[in-house]
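As a plain string of letters, each chain reads:
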Amino acid sequence: MEAFKAFFPNIEFGVGKWRLAGDIIKDYGRKAMLTIDPYLDANGFSDEISSILGKASVDIIKYTDIVSNPNCFRVDEAAEIARKENCDVVVAVGGGSAMDFGKAVAVVARQPGKAWDYTERTDHEVKRPTDKTLPIVTIPTTAGTGSEATHYAVLNNPEIKEKSTIVSTWVIPKVGIVDPEMMYSMPTELTAHTGIDAFAHSVESYININAHAFSKLLALESIRLVAEYLPPVVANGNNKEAREKMAWASTLGGAAIAHIGPVLGHSLAQPVGGFKNAPHGGSIAACLVKVLEFSYVADLKKFAEIAEAIDPSVRDLPQRAKAEKCPELVARLFKDVNVNVRFRDFGLKEGDIDKVTHIATTGYGFDLVNHPRTVTDDDLKRLYRECL
Ligand SMILES: [Fe+2]
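Residues numbered from 1 in each chain as written. Predicted model: local features only at pLDDT ≥ 70, side-chain atom pairs only at ≥ 80, totals over all residues. Heavy atoms only, no water.

Peer 1: What should I look at first to understand the packing of aromatic side chains in this one?
Peer 2: What describes a pair of aromatic rings is the distance from one ring centre to the other and the angle between the planes of the rings. This structure, assessed with the given rule, holds 6 aromatic pairs. The interplanar angle of 65 degrees and the centroid separation of 5.6 Å between the aromatic rings of phenylalanine 13 and tryptophan 248 together place this pair among those described as edge-to-face. With phenylalanine 13 in strand β1 (residues 11-13) and tryptophan 248 in helix α8 (residues 240-259), this residue pair connects regions lying 235 residues apart in the sequence. Given a relative accessible area of 29%, phenylalanine 13 falls into the partly exposed group. (Phe/Tyr/Trp six-rings, centres within 6.5 Å; stacked < 30°, edge-to-face > 60°. Helix = DSSP H or I, 4+ residues; strand = E, 2+ residues; numbered from the N terminus. Buried < 20%, exposed > 50% of the residue type's maximum accessible area, 1.4 Å probe, protein only.)

Have a look at this one:
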C-alpha cells in the first residue's frame, strides 16, 4: 500500500449550524470582512448573519460586489477595505465564487501584491501566501464546489479573460459551516450544475494518478452519494434528506481534491470559464463524459470501481465492461438531472480552440500531468471540438 498524508478539514456539519456562526467565528477574530453573494444580501441574509455575529461581539464590514468566476480586481478592492478597516477574519458566505473571493481577500489583505500575483501560472513568478493570511470561515450555500474543504481559490482576470487558482494551505478555512438549510432554496439548474461539479471533483481526484487510500475513500463515497441523491433533489428541491446528502457529498468531494487535485475535466472547463465567463458546473458538464470516454482505457480498474459506485447493478460484469460503462452511466446521470450542455452554449467557437488550449496548458498544466492518460495539445483541441 502506498504511503500518504491524510487530514480532514474542520467542518461543522448539520441543519441549523449556521445559527452558531457567531460562537464559531469569534474564536478567530472580532472584526469580520463578510464576502457574501449579492443575492443573499438582497434577500436579507446579510442582516441575519450580522445580527448573529453581533450577538457574539463580532463586527462586520460587508462586501457584495461578487460575480460568478470572481474578479481578481474586485478582490484587490475588497482587500484594501479589509486592510483599512483592520478586519482580522474573513467570513465568506455563498457559492464557490463568494468563498473563493473571500479566501483571496484573506491572502491579499495583509500581504504585498495583487490577488492575481498569487495565482498558480507558469507565465509569471507566483507569490506564495504566508501565515499573514487572515483566518477564513466559510458558509456554503450551494452543494458543489467543496471550497469549504480545499486549499484552492479560483479567480478570473477579466482583462486577459483567464481563470487561475491560488493554491495554498493558508486558504483552507479554519472552519467550514456546512448547513444543508442554506441550500434548501437553490434553484433547480444551479442544484444540478453544482452537483455535477461535486461529482467531477470526486471522479477526477479518484482517477488522478496520485490518488491514495484516503483520497479514494472520500471520493468514492461522494460519487456514490451524488449518483443516488442528485437526481431526486433536482426532481424535488424540497427533498431535505437529498439536500443533506448532497451537502455532505460536496464537502467530501472538496476534501478529496484537497488531497489529490482534479485532472483533465477541470483543465478543459476552467479555460472556458475564464474566456467565456461560463458557469463552472456547466462547463464541467459540457466535457466530463467525453473526458471519461477518452480516459477509461488508461485505468480499467478505477473506472470499473467508479461505475460500480454509480450503479451497483453492474457489479457482476467483467472489469473492462464495467469500465466501458462508466461514461455511459455518467451520461445517464446528466440526463436524469436535465443537463445537456455544450461549450458552444457558453459562446465558445471553433476559432477560440487554440486560445483555450493554450490556457489549459499554461494555467492547468499541473492538473494535466496527473491525468491517467497522457494528454497532448492535439488531444485537448480534439476534445474541445467534440464538446463544442
Ligand atoms: Fe470544480
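Peer 1: It is not clear to me how the nonpolar core should be interpreted in this structure. Could you clarify?
Peer 2: Generally speaking, nonpolar side chains in soluble globular proteins are found buried as a group. Grouped together as the largest cluster of nonpolar side chains are 75 residues, with contacts concentrated most on Phe199, Leu264, Phe343 and Tyr384. Among the elements that make up this core, the one with the highest residue count is helix α7 (residues 213-235) (11 residues). Per-domain counts for this core show at least three residues from each of domain 1 (11-183) and domain 2 (188-386). Apart from the residues lying within four places of it in its own chain, the contact partners of tyrosine 384 are Ser267, Leu268, Pro271, Val272, Phe343, Leu348, Ile353, Val356, Thr357 and Ala360. Counting residues in hydrophobic clusters, the runner-up holds 28 residues, among them Ile61, Phe101, Val105 and Leu134. (Core = buried A, V, L, I, M, F, W, Y, C linked by side-chain atoms within 4.5 Å. Domains from an automatic or database assignment. Contact = heavy atoms within 4.5 Å.)

Peer 1: Explain helix α5 (residues 96-108) here, please?
Peer 2: Residue pairs three or four apart in sequence face the same way in an α-helix, which turns once every 3.6 residues. Taking 1.5 Å per residue, 13 residues should reach 18 Å; α5 reaches 18 Å between its end C-alpha atoms and fits that length. Of all 13 residues in α5, 13 are buried, a share of seventy percent or more. (Expected span 1.5 Å × (residues − 1).)

Peer 1: Is there a simple way to explain the side chain of aspartate 100 in this structure?
Peer 2: Assignment of secondary structure puts aspartate 100 in helix α5. Buried within the structure, aspartate 100 lacks any salt-bridge partner; lysine 103 is the closest side chain of opposite charge, at an N-O distance of 4.3 Å. Here the side chain of aspartate 100 touches valine 154 through a polar contact of 2.9 Å, landing on its backbone nitrogen. Leaving out residues up to four positions away in the same chain, aspartate 100 has contacts with Pro70, Ser147, Tyr152, Ala153, Val154 and Leu155. (Lys, Arg positive; Asp, Glu negative; His and termini not counted. Salt bridge = Lys/Arg side-chain N within 4 Å of Asp/Glu carboxyl O. Polar contact = N/O pair within 3.5 Å; in protein donor to acceptor, adjacent residues only side chain to side chain.)

Peer 1: Would you explain the coordination of the iron ion in this entry?
Peer 2: Summarising the metal site, the iron ion is bound by the protein donors Asp197 (OD), His201 (NE2), His266 (NE2) and His280 (NE2), whose distances to it range over 2.1 to 2.2 Å. Metal-centred angles of 84 to 167 degrees between the 4 donor atoms at the iron ion mark the site as irregular. Positions of the donor residues of the iron ion, expressed as sequence spacing, correspond to D-x3-H-x64-H-x13-H. Taken together, the residues histidine 201 in helix α6 (residues 188-207) and histidine 266 in helix α9 (residues 264-276) connect sequence positions 65 residues apart. Each member of the pair, histidine 201 together with histidine 266, is buried. (Donors = N, O, S within 2.8 Å, 3.2 Å for Na, K, Ca; no water. Tetrahedral: all angles 85-135°; square planar, octahedral: opposite > 155°, others 65-115°.)

Peer 1: Which parts of the structure should I look at to understand the domain arrangement of the protein?
Peer 2: How big an interface is tends to be stated in terms of accessible area lost as the parts join. Each assigned domain of the protein is listed here: domain 1 (11-183) and domain 2 (188-386). Each of domain 1 and domain 2 has a C-alpha centre, and these two points are 25 Å apart. Tallying the contact residues gives 29 residues for domain 1 and 32 residues for domain 2. Of the roughly 2400 Å² buried where domain 1 meets domain 2, counting both sides, 55% is carbon and sulfur surface. On the domain 1 side of the interface with domain 2, the three residues burying the most area are Ala143, Lys161 and Lys163, jointly 21% of the side's total. Across the salt bridge formed by lysine 355 and glutamate 162, the nearest N and O atoms sit 3.6 Å from each other. Remark: the boundary between domain 1 and domain 2 carries 17 residue pairs in polar contact (both at pLDDT 80 or more). Secondary structure elements with two or more residues in the side of domain 1 that touches domain 2: β1, β6 (152-157) and β7 (162-167). For the side of domain 1 that touches domain 2, the element with the highest residue contribution is β7, accounting for 4 residues. Looking at side-chain class alone, the side of domain 1 that touches domain 2 contains 11 nonpolar, 12 polar and 6 charged residues. (Buried area = accessible area lost by both parts, 1.4 Å probe. Nonpolar A, V, L, I, M, F, W, Y, C, P; charged D, E, K, R; others polar.)

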